[in-house]
Amino acid sequence: MFISGLALAVGAIARRRRVVGVIAIAIFGIIGGSITAGRPSQSAFAAIPSILGATIGCWLLWKLIGIITKNDGATQIPGESRAPLGWDRRRFISATSAAAVVSVVTTITARKIENQNIADVRAAAPDVLLPINTGTVTPQATFPAGAQIFSQTPFITPNDNFYRIDTALSLPRINIKTWNLQIGGMVRTPLQFSYEDLLARKMVEHTITICCVSNEVGGKYIGNGTWQGVLLADLLNEAGVDPRAEQIFGTSVDGWTCGFPVSAALDGRDAMIAIGMNGEPLPLEHGFPARVIVPGLYGYVSATKWLERLDLTTWDQAEGYWVPRGWSRDAPIKTQSRIDVPRRGEDVIASKVIIAGVAWAQHRGIEKVEVRIEQGPWRKATLALDVSDDTWRQWKYEWDATPGDYTIQVRATDKSGETQTQEVSPPDPDGATGYHTRSLTVL
Ligand SMILES: Nc1nc2c(c(=O)[nH]1)N[C@H]1C(S)=C(S)[C@@H](COP(=O)(O)O)O[C@H]1N2
Ligand SMILES: [Mo]
(Lines give C-alpha, C1' and ligand atoms only; values in the text may rest on other atoms or scores of the structure.)
(Ligands and ions follow the chains in the order given, each with its own letter.)
Protein backbone atom coordinates (compact mmCIF):
# COMPACT_ATOMS: atom_id res chain seq x y z
CA MET A 1 0.00 0.00 0.00
CA PHE A 2 2.65 2.44 1.14
CA ILE A 3 4.88 1.54 -1.82
CA SER A 4 2.17 1.94 -4.47
CA GLY A 5 1.12 5.27 -2.93
CA LEU A 6 4.70 6.40 -3.08
CA ALA A 7 5.02 5.18 -6.67
CA LEU A 8 1.92 7.16 -7.66
CA ALA A 9 3.30 10.34 -6.11
CA VAL A 10 6.70 9.85 -7.73
CA GLY A 11 5.01 9.09 -11.04
CA ALA A 12 3.03 12.33 -10.93
CA ILE A 13 6.18 14.35 -10.32
CA ALA A 14 8.17 12.33 -12.89
CA ARG A 15 5.80 13.34 -15.67
CA ARG A 16 7.16 16.86 -15.27
CA ARG A 17 10.65 16.07 -14.05
CA ARG A 18 11.86 12.76 -15.40
CA VAL A 19 14.99 12.80 -13.23
CA VAL A 20 12.89 12.46 -10.04
CA GLY A 21 11.32 9.25 -11.33
CA VAL A 22 14.61 7.80 -12.41
CA ILE A 23 16.27 8.58 -9.07
CA ALA A 24 13.31 7.06 -7.19
CA ILE A 25 13.58 3.83 -9.15
CA ALA A 26 17.34 3.77 -8.63
CA ILE A 27 16.88 4.17 -4.87
CA PHE A 28 14.34 1.32 -4.83
CA GLY A 29 16.81 -0.77 -6.79
CA ILE A 30 19.66 -0.11 -4.35
CA ILE A 31 17.49 -0.73 -1.28
CA GLY A 32 16.06 -3.90 -2.85
CA GLY A 33 19.48 -5.05 -3.91
CA SER A 34 21.13 -4.53 -0.55
CA ILE A 35 18.26 -6.18 1.35
CA THR A 36 18.45 -9.28 -0.86
CA ALA A 37 22.23 -9.42 -0.89
CA GLY A 38 22.30 -8.72 2.84
CA ARG A 39 20.40 -11.91 3.64
CA PRO A 40 22.65 -14.42 5.29
CA SER A 41 21.94 -17.10 2.71
CA GLN A 42 22.73 -14.88 -0.28
CA SER A 43 25.88 -13.71 -1.95
CA ALA A 44 26.38 -10.26 -3.50
CA PHE A 45 25.20 -11.68 -6.81
CA ALA A 46 21.66 -11.78 -5.45
CA ALA A 47 21.58 -8.00 -5.83
CA ILE A 48 21.92 -8.29 -9.60
CA PRO A 49 18.22 -8.84 -10.40
CA SER A 50 17.20 -5.79 -8.39
CA ILE A 51 19.88 -3.61 -9.93
CA LEU A 52 19.12 -4.89 -13.41
CA GLY A 53 15.42 -4.36 -12.79
CA ALA A 54 16.04 -0.83 -11.59
CA THR A 55 18.28 -0.04 -14.57
CA ILE A 56 15.66 -1.29 -16.99
CA GLY A 57 12.99 0.53 -15.02
CA CYS A 58 14.91 3.83 -15.19
CA TRP A 59 15.47 3.43 -18.89
CA LEU A 60 11.87 2.49 -19.61
CA LEU A 61 10.50 5.34 -17.51
CA TRP A 62 12.78 7.80 -19.29
CA LYS A 63 11.62 6.52 -22.69
CA LEU A 64 7.94 6.30 -21.83
CA ILE A 65 7.78 9.77 -20.34
CA GLY A 66 9.68 10.95 -23.39
CA ILE A 67 6.98 9.48 -25.59
CA ILE A 68 4.17 11.03 -23.54
CA THR A 69 5.73 14.47 -23.49
CA LYS A 70 6.69 14.27 -27.15
CA ASN A 71 2.99 14.02 -27.84
CA ASP A 72 2.47 17.22 -25.85
CA GLY A 73 3.94 19.24 -28.70
CA ALA A 74 7.70 18.82 -28.79
CA THR A 75 7.52 17.41 -32.31
CA GLN A 76 8.25 20.26 -34.61
CA ILE A 77 8.34 18.69 -38.06
CA PRO A 78 5.82 16.46 -39.84
CA GLY A 79 7.70 13.24 -39.17
CA GLU A 80 7.60 9.63 -40.12
CA SER A 81 4.70 7.75 -38.56
CA ARG A 82 5.64 6.20 -35.23
CA ALA A 83 2.66 3.88 -35.17
CA PRO A 84 4.29 0.46 -35.31
CA LEU A 85 3.57 -1.86 -38.18
CA GLY A 86 5.00 -5.29 -38.87
CA TRP A 87 8.40 -6.36 -37.58
CA ASP A 88 11.71 -4.67 -38.31
CA ARG A 89 14.71 -7.03 -38.22
CA ARG A 90 17.29 -4.24 -38.06
CA ARG A 91 15.97 -3.26 -34.67
CA PHE A 92 16.48 -6.76 -33.37
CA ILE A 93 20.07 -6.94 -34.53
CA SER A 94 20.91 -3.69 -32.78
CA ALA A 95 19.28 -4.88 -29.57
CA THR A 96 22.27 -5.86 -27.47
CA SER A 97 21.79 -4.74 -23.90
CA ALA A 98 19.41 -6.18 -21.33
CA ALA A 99 17.39 -2.99 -21.54
CA ALA A 100 17.07 -3.42 -25.27
CA VAL A 101 15.71 -6.93 -24.77
CA VAL A 102 12.96 -5.45 -22.62
CA SER A 103 12.36 -2.89 -25.32
CA VAL A 104 12.11 -5.62 -27.94
CA VAL A 105 9.52 -7.46 -25.88
CA THR A 106 7.58 -4.24 -25.44
CA THR A 107 7.90 -3.45 -29.12
CA ILE A 108 6.78 -6.91 -30.18
CA THR A 109 3.78 -6.62 -27.90
CA ALA A 110 2.95 -3.16 -29.23
CA ARG A 111 3.25 -4.38 -32.80
CA LYS A 112 1.16 -7.47 -32.08
CA ILE A 113 -1.57 -5.25 -30.70
CA GLU A 114 -1.21 -2.89 -33.65
CA ASN A 115 -1.32 -5.68 -36.22
CA GLN A 116 -4.35 -7.15 -34.48
CA ASN A 117 -6.02 -3.75 -34.75
CA ILE A 118 -5.17 -3.57 -38.45
CA ALA A 119 -6.46 -7.11 -38.96
CA ASP A 120 -9.69 -6.31 -37.07
CA VAL A 121 -10.27 -3.21 -39.14
CA ARG A 122 -9.58 -5.07 -42.39
CA ALA A 123 -11.88 -7.88 -41.37
CA ALA A 124 -14.66 -5.41 -40.58
CA ALA A 125 -14.27 -3.56 -43.89
CA PRO A 126 -16.77 -4.74 -46.48
CA ASP A 127 -15.03 -7.56 -48.27
CA VAL A 128 -16.40 -6.58 -51.66
CA LEU A 129 -14.12 -4.97 -54.19
CA LEU A 130 -14.57 -1.25 -54.26
CA PRO A 131 -17.17 -0.13 -56.78
CA ILE A 132 -15.65 -0.20 -60.22
CA ASN A 133 -15.14 3.28 -61.56
CA THR A 134 -16.84 4.74 -64.54
CA GLY A 135 -14.20 5.56 -67.10
CA THR A 136 -12.42 8.84 -66.34
CA VAL A 137 -9.66 6.88 -64.78
CA THR A 138 -6.14 5.52 -64.87
CA PRO A 139 -6.54 2.03 -63.47
CA GLN A 140 -3.66 1.19 -61.20
CA ALA A 141 -2.43 -2.01 -62.74
CA THR A 142 -2.70 -0.75 -66.28
CA PHE A 143 -1.11 2.68 -66.27
CA PRO A 144 0.39 3.46 -69.68
CA ALA A 145 3.66 1.61 -70.17
CA GLY A 146 5.37 4.80 -71.33
CA ALA A 147 4.91 6.28 -67.86
CA GLN A 148 7.63 4.02 -66.54
CA ILE A 149 10.93 4.34 -68.38
CA PHE A 150 13.12 2.91 -65.62
CA SER A 151 12.20 0.30 -63.06
CA GLN A 152 14.05 1.20 -59.88
CA THR A 153 11.28 3.62 -58.88
CA PRO A 154 7.90 2.17 -59.86
CA PHE A 155 5.56 4.71 -61.44
CA ILE A 156 2.88 3.63 -58.97
CA THR A 157 4.18 3.34 -55.43
CA PRO A 158 2.94 0.07 -53.89
CA ASN A 159 0.91 0.54 -50.71
CA ASP A 160 3.47 -1.36 -48.61
CA ASN A 161 6.18 0.98 -49.76
CA PHE A 162 4.27 4.22 -49.49
CA TYR A 163 5.76 6.76 -47.08
CA ARG A 164 3.88 7.29 -43.84
CA ILE A 165 3.78 10.63 -42.09
CA ASP A 166 1.54 11.32 -39.13
CA THR A 167 1.52 12.31 -35.48
CA ALA A 168 -0.22 9.11 -34.33
CA LEU A 169 1.61 6.98 -31.75
CA SER A 170 -0.68 4.10 -32.54
CA LEU A 171 -3.17 3.70 -35.35
CA PRO A 172 -6.68 4.78 -34.41
CA ARG A 173 -9.22 2.11 -33.58
CA ILE A 174 -11.99 2.46 -36.12
CA ASN A 175 -15.40 0.88 -35.85
CA ILE A 176 -16.64 0.98 -39.41
CA LYS A 177 -20.24 0.37 -38.32
CA THR A 178 -20.39 3.51 -36.21
CA TRP A 179 -17.89 5.66 -38.14
CA ASN A 180 -19.31 8.50 -40.15
CA LEU A 181 -18.17 11.60 -41.93
CA GLN A 182 -19.74 14.97 -41.23
CA ILE A 183 -19.63 17.96 -43.52
CA GLY A 184 -20.60 21.11 -41.68
CA GLY A 185 -19.75 24.65 -40.78
CA MET A 186 -20.61 27.34 -43.32
CA VAL A 187 -22.91 25.23 -45.49
CA ARG A 188 -26.60 25.41 -46.31
CA THR A 189 -27.24 21.77 -45.40
CA PRO A 190 -24.87 19.88 -43.13
CA LEU A 191 -24.34 16.35 -44.41
CA GLN A 192 -23.44 13.04 -42.84
CA PHE A 193 -22.23 9.87 -44.52
CA SER A 194 -21.68 6.35 -43.29
CA TYR A 195 -19.07 4.21 -45.03
CA GLU A 196 -21.86 2.49 -46.95
CA ASP A 197 -23.24 5.89 -48.01
CA LEU A 198 -19.85 6.84 -49.43
CA LEU A 199 -19.51 3.52 -51.27
CA ALA A 200 -22.87 4.15 -52.90
CA ARG A 201 -21.82 7.54 -54.30
CA LYS A 202 -20.50 8.28 -57.75
CA MET A 203 -16.84 7.26 -57.70
CA VAL A 204 -13.80 8.54 -59.53
CA GLU A 205 -10.33 7.08 -59.69
CA HIS A 206 -7.27 9.24 -60.32
CA THR A 207 -3.55 8.80 -60.09
CA ILE A 208 -2.15 11.57 -57.90
CA THR A 209 1.31 12.05 -56.41
CA ILE A 210 1.27 13.19 -52.79
CA CYS A 211 4.25 14.42 -50.83
CA CYS A 212 5.26 15.76 -47.48
CA VAL A 213 6.44 19.28 -46.82
CA SER A 214 9.16 17.80 -44.60
CA ASN A 215 10.73 16.02 -47.56
CA GLU A 216 14.36 17.09 -47.98
CA VAL A 217 15.63 17.63 -51.51
CA GLY A 218 16.19 14.10 -52.81
CA GLY A 219 14.07 12.62 -50.01
CA LYS A 220 11.63 9.74 -50.01
CA TYR A 221 8.52 11.29 -48.49
CA ILE A 222 6.66 11.22 -51.77
CA GLY A 223 4.51 8.57 -53.41
CA ASN A 224 2.26 8.14 -56.40
CA GLY A 225 -1.02 6.35 -55.84
CA THR A 226 -4.23 5.66 -57.67
CA TRP A 227 -6.93 6.97 -55.38
CA GLN A 228 -10.55 6.00 -55.61
CA GLY A 229 -13.15 8.16 -54.01
CA VAL A 230 -15.85 10.77 -54.15
CA LEU A 231 -15.10 14.19 -55.59
CA LEU A 232 -15.12 16.80 -52.88
CA ALA A 233 -16.82 19.23 -55.27
CA ASP A 234 -19.84 16.89 -55.58
CA LEU A 235 -20.29 16.72 -51.81
CA LEU A 236 -19.72 20.46 -51.30
CA ASN A 237 -22.19 21.39 -54.02
CA GLU A 238 -24.75 19.18 -52.35
CA ALA A 239 -24.07 20.81 -48.98
CA GLY A 240 -24.16 24.32 -50.48
CA VAL A 241 -21.06 26.29 -49.52
CA ASP A 242 -21.55 29.75 -48.01
CA PRO A 243 -19.64 32.10 -50.34
CA ARG A 244 -17.94 33.68 -47.32
CA ALA A 245 -16.23 30.39 -46.42
CA GLU A 246 -12.48 30.50 -47.08
CA GLN A 247 -11.13 27.28 -45.69
CA ILE A 248 -11.98 23.59 -45.70
CA PHE A 249 -10.93 22.34 -42.31
CA GLY A 250 -10.43 18.62 -41.79
CA THR A 251 -10.47 16.84 -38.45
CA SER A 252 -9.37 13.25 -37.99
CA VAL A 253 -10.65 10.61 -35.62
CA ASP A 254 -7.46 11.19 -33.60
CA GLY A 255 -7.95 14.93 -33.39
CA TRP A 256 -5.37 16.03 -35.97
CA THR A 257 -6.46 18.96 -38.11
CA CYS A 258 -5.55 20.82 -41.27
CA GLY A 259 -7.05 23.38 -43.62
CA PHE A 260 -6.83 24.42 -47.26
CA PRO A 261 -8.57 26.98 -49.49
CA VAL A 262 -12.14 26.23 -50.57
CA SER A 263 -11.05 27.06 -54.11
CA ALA A 264 -8.79 24.00 -54.23
CA ALA A 265 -11.87 21.81 -53.97
CA LEU A 266 -13.98 23.75 -56.46
CA ASP A 267 -11.58 24.85 -59.21
CA GLY A 268 -11.94 21.64 -61.19
CA ARG A 269 -9.00 19.67 -59.84
CA ASP A 270 -9.65 16.15 -58.59
CA ALA A 271 -9.76 16.93 -54.87
CA MET A 272 -11.47 13.95 -53.30
CA ILE A 273 -12.40 11.95 -50.29
CA ALA A 274 -10.48 8.79 -51.02
CA ILE A 275 -11.61 5.40 -49.80
CA GLY A 276 -9.43 3.29 -52.08
CA MET A 277 -5.69 3.22 -52.73
CA ASN A 278 -4.15 1.26 -55.59
CA GLY A 279 -7.15 -1.00 -55.97
CA GLU A 280 -7.62 -1.80 -52.28
CA PRO A 281 -9.69 -0.22 -49.54
CA LEU A 282 -7.49 2.47 -47.99
CA PRO A 283 -5.01 0.73 -45.66
CA LEU A 284 -5.45 1.71 -42.00
CA GLU A 285 -2.00 3.31 -41.92
CA HIS A 286 -2.97 5.50 -44.86
CA GLY A 287 -6.24 6.69 -43.36
CA PHE A 288 -8.95 4.02 -43.48
CA PRO A 289 -11.88 4.44 -43.83
CA ALA A 290 -11.51 7.75 -45.67
CA ARG A 291 -9.01 10.52 -46.21
CA VAL A 292 -8.66 13.69 -48.21
CA ILE A 293 -6.44 13.92 -51.29
CA VAL A 294 -5.93 17.30 -52.95
CA PRO A 295 -3.66 17.45 -56.02
CA GLY A 296 -1.03 20.17 -55.70
CA LEU A 297 -1.08 20.74 -51.93
CA TYR A 298 1.30 19.28 -49.36
CA GLY A 299 -0.22 16.62 -47.11
CA TYR A 300 0.02 18.65 -43.91
CA VAL A 301 -2.55 21.20 -45.13
CA SER A 302 -4.88 18.85 -46.97
CA ALA A 303 -4.54 15.09 -46.70
CA THR A 304 -6.41 14.30 -43.44
CA LYS A 305 -6.28 10.56 -42.76
CA TRP A 306 -8.93 8.83 -40.63
CA LEU A 307 -11.23 11.66 -41.64
CA GLU A 308 -14.10 12.47 -39.32
CA ARG A 309 -15.23 16.00 -40.16
CA LEU A 310 -14.87 18.62 -42.84
CA ASP A 311 -15.91 22.10 -41.80
CA LEU A 312 -16.29 25.08 -44.05
CA THR A 313 -14.90 28.04 -42.16
CA THR A 314 -12.75 31.17 -42.37
CA TRP A 315 -8.98 31.46 -41.93
CA ASP A 316 -9.24 33.18 -38.58
CA GLN A 317 -11.77 30.72 -37.15
CA ALA A 318 -9.46 27.70 -37.26
CA GLU A 319 -5.79 26.82 -37.60
CA GLY A 320 -4.51 23.42 -38.72
CA TYR A 321 -2.20 21.37 -36.46
CA TRP A 322 1.10 22.40 -38.08
CA VAL A 323 0.40 26.10 -38.60
CA PRO A 324 1.00 27.33 -35.02
CA ARG A 325 4.11 25.11 -35.08
CA GLY A 326 5.73 27.40 -37.60
CA TRP A 327 4.60 25.92 -40.91
CA SER A 328 3.02 27.97 -43.63
CA ARG A 329 -0.77 28.24 -43.86
CA ASP A 330 -0.65 28.13 -47.66
CA ALA A 331 1.28 25.21 -49.01
CA PRO A 332 1.25 24.53 -52.74
CA ILE A 333 3.75 21.81 -53.70
CA LYS A 334 7.03 23.14 -55.08
CA THR A 335 8.46 22.01 -58.41
CA GLN A 336 11.13 19.42 -57.64
CA SER A 337 13.18 16.62 -59.13
CA ARG A 338 15.17 13.71 -57.78
CA ILE A 339 17.96 11.44 -59.04
CA ASP A 340 17.15 7.79 -58.27
CA VAL A 341 19.65 6.04 -60.58
CA PRO A 342 22.55 5.43 -60.12
CA ARG A 343 21.79 4.81 -56.48
CA ARG A 344 23.75 6.61 -53.81
CA GLY A 345 27.22 5.17 -53.39
CA GLU A 346 26.81 2.96 -56.44
CA ASP A 347 29.90 2.82 -58.68
CA VAL A 348 29.22 2.63 -62.39
CA ILE A 349 31.25 1.33 -65.29
CA ALA A 350 32.40 3.74 -68.00
CA SER A 351 30.56 4.18 -71.34
CA LYS A 352 26.76 4.40 -71.39
CA VAL A 353 25.55 5.36 -67.92
CA ILE A 354 21.83 5.76 -67.28
CA ILE A 355 20.89 8.63 -64.99
CA ALA A 356 17.20 8.58 -64.12
CA GLY A 357 14.68 9.79 -61.59
CA VAL A 358 11.37 11.49 -61.04
CA ALA A 359 10.20 15.10 -61.23
CA TRP A 360 7.00 16.62 -59.91
CA ALA A 361 5.02 19.85 -59.90
CA GLN A 362 1.54 18.68 -59.01
CA HIS A 363 -1.31 20.40 -60.71
CA ARG A 364 0.99 22.47 -62.89
CA GLY A 365 2.67 19.51 -64.56
CA ILE A 366 6.26 18.85 -65.64
CA GLU A 367 7.43 20.48 -68.87
CA LYS A 368 11.15 19.78 -68.89
CA VAL A 369 13.88 18.06 -66.89
CA GLU A 370 17.57 18.85 -67.31
CA VAL A 371 20.72 17.21 -66.05
CA ARG A 372 24.19 18.64 -65.69
CA ILE A 373 27.47 16.96 -64.96
CA GLU A 374 30.30 18.75 -63.16
CA GLN A 375 28.66 22.18 -63.53
CA GLY A 376 28.67 21.68 -67.31
CA PRO A 377 25.82 22.77 -69.59
CA TRP A 378 22.27 21.72 -68.73
CA ARG A 379 21.15 18.90 -71.01
CA LYS A 380 17.57 17.84 -71.60
CA ALA A 381 16.52 14.49 -70.18
CA THR A 382 14.02 12.24 -71.94
CA LEU A 383 10.62 12.46 -70.27
CA ALA A 384 8.25 9.58 -69.70
CA LEU A 385 4.67 9.78 -70.90
CA ASP A 386 2.74 12.61 -69.29
CA VAL A 387 0.03 10.76 -67.36
CA SER A 388 -1.41 13.91 -65.79
CA ASP A 389 -0.33 17.22 -64.30
CA ASP A 390 -1.02 15.70 -60.88
CA THR A 391 1.47 12.86 -61.08
CA TRP A 392 5.22 12.75 -61.02
CA ARG A 393 7.01 12.10 -64.27
CA GLN A 394 9.93 9.80 -64.78
CA TRP A 395 12.97 11.11 -66.65
CA LYS A 396 16.10 9.50 -68.02
CA TYR A 397 19.42 10.69 -69.39
CA GLU A 398 22.00 8.57 -71.16
CA TRP A 399 25.51 9.72 -70.43
CA ASP A 400 28.74 8.81 -72.25
CA ALA A 401 30.89 8.59 -69.17
CA THR A 402 34.64 8.27 -68.82
CA PRO A 403 36.31 7.12 -65.58
CA GLY A 404 36.52 9.69 -62.81
CA ASP A 405 34.64 11.30 -59.93
CA TYR A 406 31.61 13.37 -60.85
CA THR A 407 28.86 15.47 -59.40
CA ILE A 408 25.53 15.29 -61.19
CA GLN A 409 22.56 17.58 -60.71
CA VAL A 410 18.98 17.73 -61.92
CA ARG A 411 16.39 20.47 -62.27
CA ALA A 412 12.80 20.55 -63.46
CA THR A 413 10.67 23.17 -65.18
CA ASP A 414 6.91 23.10 -64.74
CA LYS A 415 4.28 23.88 -67.35
CA SER A 416 3.86 27.42 -66.04
CA GLY A 417 7.43 27.96 -67.28
CA GLU A 418 8.92 28.13 -63.80
CA THR A 419 12.23 26.32 -63.27
CA GLN A 420 12.84 25.06 -59.75
CA THR A 421 15.10 27.38 -57.82
CA GLN A 422 18.76 26.65 -57.17
CA GLU A 423 18.52 28.42 -53.84
CA VAL A 424 18.92 25.91 -51.02
CA SER A 425 16.30 26.19 -48.30
CA PRO A 426 15.17 23.75 -45.58
CA PRO A 427 11.71 22.12 -45.49
CA ASP A 428 10.29 24.68 -43.08
CA PRO A 429 8.18 26.71 -43.44
CA ASP A 430 6.77 25.65 -46.82
CA GLY A 431 8.95 23.03 -48.52
CA ALA A 432 12.65 22.47 -49.30
CA THR A 433 14.32 23.93 -52.40
CA GLY A 434 17.59 23.42 -54.22
CA TYR A 435 18.92 21.00 -56.81
CA HIS A 436 19.28 17.35 -55.98
CA THR A 437 22.98 16.59 -56.32
CA ARG A 438 24.70 13.23 -56.40
CA SER A 439 28.38 12.36 -56.41
CA LEU A 440 29.46 9.26 -58.23
CA THR A 441 32.53 7.40 -59.31
CA VAL A 442 32.80 6.02 -62.82
CA LEU A 443 35.19 3.07 -62.97
N1 LIG B 1 -4.87 12.23 -39.13
C2 LIG B 1 -3.73 12.63 -39.71
N3 LIG B 1 -3.71 12.82 -41.06
C4 LIG B 1 -2.57 13.21 -41.67
C5 LIG B 1 -1.39 13.49 -40.92
C6 LIG B 1 -1.44 13.29 -39.51
O7 LIG B 1 -0.45 13.52 -38.78
N8 LIG B 1 -2.63 12.87 -38.95
N9 LIG B 1 -0.24 13.89 -41.57
C10 LIG B 1 -0.39 14.50 -42.89
C11 LIG B 1 0.87 14.61 -43.61
S12 LIG B 1 2.00 15.73 -42.99
C13 LIG B 1 1.10 13.94 -44.77
S14 LIG B 1 2.47 14.28 -45.71
C15 LIG B 1 0.17 12.89 -45.27
C16 LIG B 1 0.90 11.58 -45.45
O17 LIG B 1 0.03 10.56 -45.86
P18 LIG B 1 0.53 9.05 -45.88
O19 LIG B 1 1.04 8.73 -44.51
O20 LIG B 1 -0.62 8.22 -46.31
O21 LIG B 1 1.65 9.01 -46.90
O22 LIG B 1 -0.89 12.67 -44.37
C23 LIG B 1 -1.43 13.82 -43.78
N24 LIG B 1 -2.59 13.41 -43.01
MO1 LIG C 1 3.48 16.09 -44.57
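Predicted model only: the values in this text are computed from it and were never measured.

Engineer: Just to check I follow, could you spell out the sheet that holds strand E2 (residues 191-194) for this structure?
Structural biologist: Two pairing modes exist for strands in a sheet, parallel and antiparallel, and in both the strands are linked by backbone hydrogen bonds. Pairing in this open sheet of five strands is mixed, and the strands run E2-E1-E10-E5-E6 from one edge to the other. Taken across any chain shown, the strands that pair with only one partner, and hence form the sheet edges, are E2 and strand E6 (257-261). In this sheet, adjacent strand axes meet at a mean angle of 15° when their direction is disregarded. Here four bridges tie strand E1 (residues 180-185) to E2, and the two strands are oriented antiparallel to one another. The partner of Ile183 across the bridge, within E2, is Leu191. Its contacts with the sheet place helix H7 (residues 232-239) against E1, E2, strand E5 (247-252), E6 and strand E10 (307-313), and it is angled at close to 135° to E2.

Engineer: It is not clear to me how the nonpolar core should be interpreted in this structure. Could you clarify?
Structural biologist: Generally speaking, nonpolar side chains in soluble globular proteins are found buried as a group. Ile183, Leu198, Trp227, Phe260 and Ile273 are the most contacted members of the largest nonpolar core, which has 76 residues in total. Not counting residues within four places of it along the chain, the set of residues in contact with Phe260 comprises Leu232, Glu246, Gln247, Ile248, Ala265, Val292, Val294, Leu297, Val301, Ser302 and Trp315. Judged by nonpolar contacts, the second largest core, of 21 residues, contains Ile339, Ile355, Val369 and Trp395.

Engineer: Where do I start with the pairing of strand E3 (residues 204-211) in this structure?
Structural biologist: Working note: regular strand, side chains alternate between the two faces of the sheet. The element E3 is extensively covered by neighbouring structure, given that eight of its eight residues are classed as buried. Because side chains alternate across E3, one face comprises the buried residues Val204, His206, Ile208 and Ile210, and the other comprises Glu205, Thr207, Thr209 and Cys211, equally buried. In this sheet, strand E4 (residues 222-231) lies alongside E3 in antiparallel orientation, the contact comprising eight bridges. From the neighbouring strand, Glu205 faces E4, where its bridge partner is Gln228.

Engineer: Which parts of the structure should I look at to understand the site of ligand 1?
Structural biologist: Lining the immediate surroundings of ligand 1 are 19 residues, of which Tyr163, Thr167, His286, Arg291 and Lys305 lie closest. Here a nitrogen atom of ligand 1 sits 3.0 Å away from a polar atom, N or O, in the main chain of Ala303. Lys305 has a polar side-chain atom sitting 2.6 Å from an oxygen atom of ligand 1. A majority-of-atoms criterion places ligand 1 in the largest cavity. The class makeup of the residues in the shell around ligand 1 is nine nonpolar, five polar and five charged.

Engineer: Explanation requested: the packing of aromatic side chains in the structure shown.
Structural biologist: Here a ring pair, both rings aromatic, is described through the centre-centre distance and the interplanar angle of the planes. Taken as a whole and assessed by the stated rule, the structure comprises ten aromatic pairs. Taking the centre distance of 6.2 Å and the plane angle of 40° together, the rings of Tyr163 and Tyr221 count as tilted. Of the two residues, Tyr163 sits in the loop between helix H5 (98-124) and E1 while Tyr221 sits in the loop between E3 and E4, which places them 58 residues apart along the sequence. Taking the relative accessible area as the measure of exposure, Tyr163 reaches 13% and is therefore buried. Of the residues examined, Tyr221 reaches a relative accessible area of 18% and is grouped as buried. In this structure an aromatic cluster arises from ring pairing among Phe162, Tyr163, Tyr221 and Trp227.

Engineer: Is there a simple way to think about empty space enclosed by the protein in this case?
Structural biologist: Space left empty within the atom packing is revealed by a probe, the size of a water molecule, rolled over the atoms. Applying the stated criterion to the full structure yields three cavities of 30 Å³ or more. As a volume, the largest cavity reaches approximately 280 Å³. As for the largest cavity, its lining consists of 21 residues, of which Ile165, Asp166, Arg291, Gly299 and Lys305 are closest to the centre. Here the lining of the largest cavity is composed, by residue class, of eleven nonpolar, five polar and five charged.

Engineer: Honestly, the pattern of salt bridges in this entry has me stumped. Any pointers?
Structural biologist: Side chains that differ in sign of charge can pair as their charged atoms come close. Inspection of every chain in the model, using the stated rule, returns 16 salt bridges. Linking Lys334 and Asp430 is a salt bridge whose minimum nitrogen-to-oxygen distance equals 2.8 Å. A residue pair is termed long-range when its members are at least 10 positions apart, and Lys334 in the loop between E10 and strand E11 (336-341) and Asp430 in the loop between strand E17 (404-414) and strand E18 (436-442) qualify at 96 residues. A relative accessible area of 22% places Lys334 in the partly exposed class.

Engineer: How should the sheet that holds E18 be read in this particular structure?
Structural biologist: If you trace the four strands from one edge of the open sheet to the other, you get E14-E13-E17-E18, paired in antiparallel fashion. This sheet does not close on itself; its edge strands, each paired only once, are strand E14 (379-380) and E18. Two strands pair when backbone bridges link them, and E17 and E18 are joined in this way by seven bridges, in the antiparallel orientation. Directly across from Val410, in E18, lies its bridge partner His436.

Scoring rules and cut-offs
- Starting afresh in each chain, residues are numbered from 1 along the sequence in its written order.
- Whichever chain is written first is A, and whichever ligand is written first is 1; the rest continue in order.
- Side-chain atom pairs in this predicted model are given and counted only at pLDDT of 80 or more, local residue features only at pLDDT of at least 70, and totals for whole chains, interfaces and linings cover all residues.
- Side-chain measures were taken over the full set of non-hydrogen atoms in the model, leaving aside hydrogen atoms and water.
- Two strands are said to pair when DSSP picks up at least two bridges between them.
- The helix and strand labels rest on DSSP assignments: H or I over at least four residues marks a helix, E over at least two residues marks a strand, and numbering proceeds from the N terminus.
- Lines are fitted to the C-alpha atoms to define the axes, a helix being fitted only along its stretch in contact, and any angle between axes, read from their N-to-C directions, falls within 0 to 180 degrees.
- Two residues form a contact once any of their heavy atoms are found within 4.5 Å.
- Residues grouped as a nonpolar core are buried Ala, Val, Leu, Ile, Met, Phe, Trp, Tyr and Cys residues, joined through side-chain atoms within 4.5 Å.
- Exposure categories follow from relative accessible area, calculated using a 1.4 Å probe and restricted to protein chains: below 20% of the type maximum is buried, above 50% is exposed, and the middle band is partly exposed.
- Working definition: residue near molecule or strand if any one of its non-hydrogen atoms lies within 4 Å of it.
- Pairs of N or O atoms are called polar contacts if they sit within 3.5 Å, as long as, within protein, a hydrogen donor faces a hydrogen acceptor (for residues adjacent in sequence, only side-chain-to-side-chain pairs).
- Put plainly, a pocket is an open set of points on a 1 Å grid over the protein atoms alone with protein on both sides within 12 Å along at least five of seven lines, a cavity is a set where a 1.4 Å probe fits but cannot get out, and a lining residue has an atom within 4 Å of a point.
- Cavity and pocket membership follows a simple rule, namely that a molecule belongs there if more than half of its atoms are within 2 Å of the grid points.
- Lys, Arg, Asp and Glu make up the charged group, whereas Ala, Val, Leu, Ile, Met, Phe, Trp, Tyr, Cys and Pro make up the nonpolar group; the residues left over, Gly among them, are polar.
- Ring pairs shown here join Phe, Tyr and Trp side chains whose ring centres sit within 6.5 Å, with only the six-membered ring taken for Trp; geometry is labelled stacked below 30 degrees between planes, edge-to-face above 60, and tilted in between.
- Grid points are joined across faces, edges and corners, and a volume is the space filled by probe spheres set on the points.
- Throughout this description, the term salt bridge denotes a Lys or Arg side-chain nitrogen within 4 Å of a carboxyl oxygen of Asp or Glu.

Function cannot be inferred from these measures alone, as they are strictly geometric.
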